[in-house]
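Here are the chains, one letter per residue:
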Amino acid sequence: MNTALDVTTTGPVRIWTINLPDVGNAITGKDFITSFEAAVDDANADTAVCAVILTGAGKIFSGGGNVKEMADRDGMFGLDALRQRQAYTDGIQRIPRALTRLEVPLIGAINGAAIGAGCDLAMMCDIRIASERATFAESFVQLGLIPGDGGTWFLPRAIGYQRAAEMTFTGDRIDAATALEWGMVSRVVPHDDLLAQAHALAERISKNPAHALRMAKRLLQESRIGSLESTLGMAAAMQPLAHRDPEHERRIATWKTR
């Protein structure tokens, strides 16, 4: 049965597909948010999962918020300001919180337009591979809005403050080539090769020991928000655990025979 987020598994790689093409894969509704939280929890609990790919069904990665709902004042958009503030906390902001606690590498396979909250969702991925058809826009100001989902935290960390400011203040759309030049994506590939290349990268990642991957990701996350000392302290605590992992012993034995 189709859901807001379809989840499939191939060996150690899990694929999450935003499956709301009729509304441009809009980030909308409790089902969407609950699906993301459940997918994160399931991936974290399954130690056989080493990498996750996030993509969109159809021609669009995600068009962001549901503009029709905004125009019609449906759901949270019909609430007064105080209740709407709480709705953001209890709603869309649960997605960045969930993805930040995802323990395995997350690869964004950006198959088309990533607009507004869709652009921010792409920036929440650890690695982004773009189809040649992909476009990106931090378009909130064009609707008289601001990024309400953490975009002002994620976007500058992906492309630097000045370029993030340009995108945020203009709302202009950039193409895949510009996204590559700005470091927003790690590569641009032919559209028909996108998922295959994302999967090949996920498989290369998955060849490494699962526990080491999860600890390495945690250290990278700490480096974004913590000091050098806090990162060093965490590394000092984690590394002995890695040394005692039987998989480390097997890898060392294989390395010695090279």
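The structure we're discussing is the one just above.
First things first, this report covers the structure right here in the doc. None of these values were measured; they are calculated from a predicted model.

### Some thoughts on the packing of aromatic side chains
The full count for this structure, using the stated rule, is 3 aromatic pairs. Arranged with centres 5.1 Å apart and planes meeting at 35 degrees, the rings of Phe 32 and Phe 36 form a pair that is tilted. Pair noted here: Phe 32 and Phe 36 are both in helix 1 (residues 29–45), with a separation of 4 residues, about one helical turn. Owing to a relative accessible area of 1%, Phe 32 belongs among the buried residues under this scheme. The buried category is assigned to Phe 36, whose relative accessible area is 0%. Judged by centre distance (5.0 Å) and plane angle (70 degrees), the ring pair of Trp 153 and Phe 154 falls under edge-to-face. Ring pairs connect the aromatic residues Trp 16, Phe 32 and Phe 36, which therefore count as one cluster. One cation-aromatic arrangement involves Arg 157 over Trp 153; the distance from NZ or CZ to the ring centre is 3.7 Å.

### Digging into the side chain of Thr 135
Counting through the fold element by element, Thr 135 comes out in strand 8 (residues 135–137). For Thr 135, a relative accessible area of 17% translates into the label buried. A distance of 3.3 Å separates polar atoms of two side chains, one belonging to Thr 135 and the other to Arg 173. Those residues within four positions of Thr 135 in sequence are excluded, and the remaining contacts are Gly 112, Ala 113, Ala 114, Ile 115, Arg 173, Ile 174 and Asp 175.

### Topic: the pattern of salt bridges
This structure, assessed with the given rule, holds 8 salt bridges. Salt-bridge contacts for Glu 103 lead to Arg 214; the nearest nitrogen and oxygen are separated by 2.8 Å. Placement of the pair is Glu 103 in the loop between helix 4 (94–100) and strand 5 (106–110) and Arg 214 in helix 10 (residues 210–225), with a sequence separation of 111 residues. Taking relative accessible area as the criterion, Glu 103 reaches 35% and is therefore assigned partly exposed. The buried category is assigned to Arg 214, whose relative accessible area is 11%.

### Re the sheet that holds strand 7 (residues 127–131)
Taken together, the 6 strands give an open sheet; going across it, the order is 1-2-3-5-7-10, and neighbouring strands pair in mixed fashion. Across the chains shown, the open sheet's two edge strands, defined by having one partner strand only, are strand 1 (5–10) and strand 10 (187–189). Shown here is a sheet whose adjacent strand axes are inclined to one another by a mean of 20 degrees, direction ignored. As judged from the 6 bridges shared by strand 2 (residues 13–18) and strand 3 (residues 51–56), these two strands associate in the parallel manner. Note on strand 3: the bridge partner recorded for Arg 14 is Val 52.

Reading guide: rules and limits
- Residues numbered from 1 in each chain as written.
- Predicted model: local features only at pLDDT ≥ 70, side-chain atom pairs only at ≥ 80, totals over all residues.
- Heavy atoms only, no water.
- Phe/Tyr/Trp six-rings, centres within 6.5 Å; stacked < 30°, edge-to-face > 60°.
- Helix = DSSP H or I, 4+ residues; strand = E, 2+ residues; numbered from the N terminus.
- Buried < 20%, exposed > 50% of the residue type's maximum accessible area, 1.4 Å probe, protein only.
- Lys NZ or Arg CZ within 6 Å of the ring centre and 35° of its normal.
- Polar contact = N/O pair within 3.5 Å; in protein donor to acceptor, adjacent residues only side chain to side chain.
- Contact = heavy atoms within 4.5 Å.
- Salt bridge = Lys/Arg side-chain N within 4 Å of Asp/Glu carboxyl O.
- Pairing = 2+ DSSP bridges.
- Axes fitted to C-alpha atoms, helices over the stretch in contact; angles between N-to-C directions.

The quantities given are spatial measurements derived from coordinates; they are silent on function.
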